[in-house]
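Here's the letter readout for the chains.
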Amino acid sequence: MSSPHGIKLAAHIISTNFGDIVCKVCECLLRKGPLSQIEVIRFTELTKQKVTNALLVLIHHNCLQAFTVQQPVMSVQVDSGNRQRLCMTKYMALPDNIIHHMRFPRFLSIVSDEFGQDCAQIFEGLLQHGRLSLNQNMDRYKDKHKASGENSSATNVVRENFSKLAQVRYIERCPAHEPFLEPLEEGAKKRAKSKIADATQTLEARSLAAAAPMESQRFLVEEDTIGGALDDEDNKKSSITEIVGEKRKLEPETESWATNDHKEILWRVNFEELVRRLRHKSCVSRVMEHVDSVAGIVLSAIFEASRKDETRVKTEKTVPLLLETIYEEAMKTEEGRSLTLERVRAALVQLGCELPTIGIDETYSIDLKKIIFQAQAQEVESIVLKKYGREAYRIFRLLSERERCIETDKISSTTFVEKKEALKILFQLWKDDYLNLERVGNEAQKKEIMLWELNKLSVWEQVLDDMYHAALNLKLRLVHELDHAQDLLRVRKGKSLKEGDEAANMRRKVHDKWKVLEASFMILDDAIMLFHDF
């Protein structure tokens, strides 16, 4: 993560959930990138046992990915032409997964609204504990409902609801605990026919791709197998702790984080699918607001019809669908039952689709990238309006819509801003890295022409970092208000009835203030997801 305040927000989330020691290890990985256990110990100045425990906690809660890389070392006992191949385990923080921890209530609400409380209880267990097997979920369900071990109804309920969550991809099998990454040179040779070379992939993408289970196995629910020697104390010790951060010779991968001590398959929450659902809701909401309700119904139907075909969160266009398929999906909803085929076709045109010249097997695809960009531009324009004024807002919007270099005179005449004032605003935006400036000499008129262009990448990064900063401040304010309320209630404990009424009023004020802060944080989180996740 390159955002300074994004790193601070992620560190605050880890500190709140897992304590200062785990936070110190995680922040070290966030700031310095992938490190070995020895390097983490050196940078954090913690003991080996504390670092090991912290790494295990982060891995178990899906905040960290381990991987091994090959390190050629010159062998002393052989000639200089031979090399001994050793592997070093490195650990990489996953900032996106860490930030998702503050969205757990929202994720839980999605599952609860779609499948009810039984599925929500299973999902909540995975959110709280990070990784659980199917048998562990059954044990939690039995303990909560006080069901006996012989009662098969609890087992059937958990298995049925667990399968529902896996079927809609809200949960997935855990990735391999320590995949091996081939050197880029060897990998490039083996994948010479590939369209995308390994050298163009980030280390994070390579390690996550290597750790991910096969797509055919990723959402497959099977019977967990339990080993026979459960009472043996040696089996209770995790074999994971024996390999954390150790150098060892290259050996075939025989174990993974996907199983626990009893060889049970471990499951976790699939953040990718949940973020995709939130992206769909955001697009539908924006279309309903800026186009009309029918267009929103049609877009929602397209998302439902193509749900299983989407493979990435940031899909630029929806999967091409037949008009009849879209119409049938829209008819399944109560709001879409009154629509006609022609009205659906007109809504697709409103969404930017072009009507085919031949009306046979009409297929339509929606440009989601355009919808997201318009929403992002609207957010940035509102920030420019508040920060620089209305004239700067008009200039910024012109450059955002044109997406090309425009000279100063053209900007001044188009936005109805005096040239002197326009130059002042343009230089201020350029100074703050909102614009790019290109100076072109005109030999005929013997003067210099200044061309201005929106620096989209820099602006978007600045806005996102400011949002992370605001989210961190809101989190800290929420903690402060809660601590302050607890101190006041502790002081007034055991006072008279009159003073007790005063404490009740104070509690009510704190509750109202808390609701306002929570609502503000939800709105801010929507904007963060719009710029980073969507």
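Structure shown above.
Cut-offs used in this document
- Residues numbered from 1 in each chain as written.
- Predicted model: local features only at pLDDT ≥ 70, side-chain atom pairs only at ≥ 80, totals over all residues.
- Heavy atoms only, no water.
- Phe/Tyr/Trp six-rings, centres within 6.5 Å; stacked < 30°, edge-to-face > 60°.
- Helix = DSSP H or I, 4+ residues; strand = E, 2+ residues; numbered from the N terminus.
- Lys NZ or Arg CZ within 6 Å of the ring centre and 35° of its normal.
- Axes fitted to C-alpha atoms, helices over the stretch in contact; angles between N-to-C directions.
- Parallel < 35°, antiparallel > 145°, perpendicular 65-115°, else oblique.
- Contact = heavy atoms within 4.5 Å.
- Nonpolar A, V, L, I, M, F, W, Y, C, P; charged D, E, K, R; others polar.
- Polar contact = N/O pair within 3.5 Å; in protein donor to acceptor, adjacent residues only side chain to side chain.
- Core = buried A, V, L, I, M, F, W, Y, C linked by side-chain atoms within 4.5 Å.
- Buried < 20%, exposed > 50% of the residue type's maximum accessible area, 1.4 Å probe, protein only.
- Pairing = 2+ DSSP bridges.
- 1 Å grid on protein atoms, 1.4 Å probe; cavity = no way out; pocket = protein on both sides within 12 Å on 5 of 7 lines; lining within 4 Å.
- Points joined across faces, edges and corners; volume = space filled by probe spheres on them.

1. Structural notes on the packing of aromatic side chains
Right, on to step 1. Inspection of every chain in the model, using the stated rule, returns 10 aromatic pairs.
Right, on to step 2. Their ring planes at 80° and their centres at 6.3 Å tell us that Phe115 and Tyr170 sit as a pair that is edge-to-face. Here the residue Phe115 occupies a position in helix H6 (residues 104-115), and Tyr170 occupies one in the loop between helix H9 (152-167) and strand E5 (171-173), the gap between them amounting to 55 residues.
Right, on to step 3. Where Phe427 meets Trp430, the ring centres are 6.1 Å apart and the plane angle is 80°; that geometry is what we call edge-to-face. Within this pair, Phe427 and its partner Trp430 are both found in helix H21 (residues 419-431), separated by three residues, close to a single helical turn.
Right, on to step 4. The rings of Phe104, Phe107 and Phe271 are connected pair by pair, giving a single aromatic cluster.
Right, on to step 5. Residue placement shows Lys32 over the ring face of Phe43; its charged tip is 4.5 Å from the ring centre.
Right, on to step 6. Taking NZ or CZ as reference, Arg42 lies 5.1 Å from the ring centre of Phe43, over its face.

2. Examining the packing of helix H15 (residues 293-305) against helix H17 (residues 341-350)
Right, on to step 1. For the pair H15 and H17, the least separation of the axes is 9 Å and the interaxial angle reads 90°. The angle between H15 and H17 falls in the class roughly perpendicular. Residues Val294, Ala295, Val298 and Ile302 of H15 form the contact with H17, whose own contacting residues are Arg343, Val344, Ala347, Leu348 and Gln350.
Right, on to step 2. When grouped by side-chain class, the residues that make up the contact of H15 with H17 number seven nonpolar, one polar and one charged.

3. What about the side chain of Thr89?
Right, on to step 1. Topologically, Thr89 is positioned in strand E3 (residues 83-93).
Right, on to step 2. A polar atom in the side chain of Thr89 sits 2.9 Å from the side chain of Glu178.

4. Structural notes on the nonpolar core
Right, on to step 1. Core analysis: the largest hydrophobic core is formed by 122 residues, its most contacted members being Leu29, Phe123, Val298, Leu299, Leu348 and Ile366.
Right, on to step 2. Filtering out sequence-adjacent residues up to four positions away, Val298 remains in contact with Ile326, Val344, Ala347, Leu348 and Leu351.
Right, on to step 3. Counting five residues, the second-largest nonpolar core is a separate cluster that includes Phe67, Val69, Leu94 and Leu181.

5. Things to note about the pairing of strand E8 (residues 266-269)
Right, on to step 1. Judged from the two bridges that link them, strand E4 (residues 132-133) and E8 form a sheet pairing that is antiparallel. The residue of E8 that forms the bridge with Leu132 is Trp267.
Right, on to step 2. Pairing between E5 and E8: three bridges, direction antiparallel. In the strand pairing of E8, Ile171 is matched with Val269.

6. Considerations on the sheet that holds E8
Strand pairing within a sheet occurs via backbone hydrogen bonds; the two strands may be parallel or antiparallel.
Right, on to step 1. Here we have three strands laid out as an open sheet, ordered E4-E8-E5, and antiparallel in their pairing. The strands lining the two open edges of the sheet, one partner per strand, are E4 and E5.

7. Description of empty space enclosed by the protein
Right, on to step 1. The final tally for this structure, using the stated rule, is four cavities of 30 Å³ or more.
Right, on to step 2. Estimates place the volume of the largest cavity at around 70 Å³.
Right, on to step 3. Gln121, Ile122, Asn137, Arg140, Tyr141 and Lys144 together form the lining of the largest cavity.
Right, on to step 4. Looking at the lining of the largest cavity, the elements with two or more residues in it are helix H7 (117-129) and helix H8 (134-145).
Right, on to step 5. Ranked by residue count, the leading element in the lining of the largest cavity is H8, at four residues.
Right, on to step 6. Of the residues belonging to the lining of the largest cavity, the class tally is two nonpolar, two polar and two charged.
Right, on to step 7. As for the second largest cavity, its lining consists of His61, Asn62, His101, Phe104, Leu126, Leu127, Gly130, Val269 and Phe271.
Right, on to step 8. Class assignment of the residues belonging to the lining of the second largest cavity gives a composition of five nonpolar, four polar and no charged.

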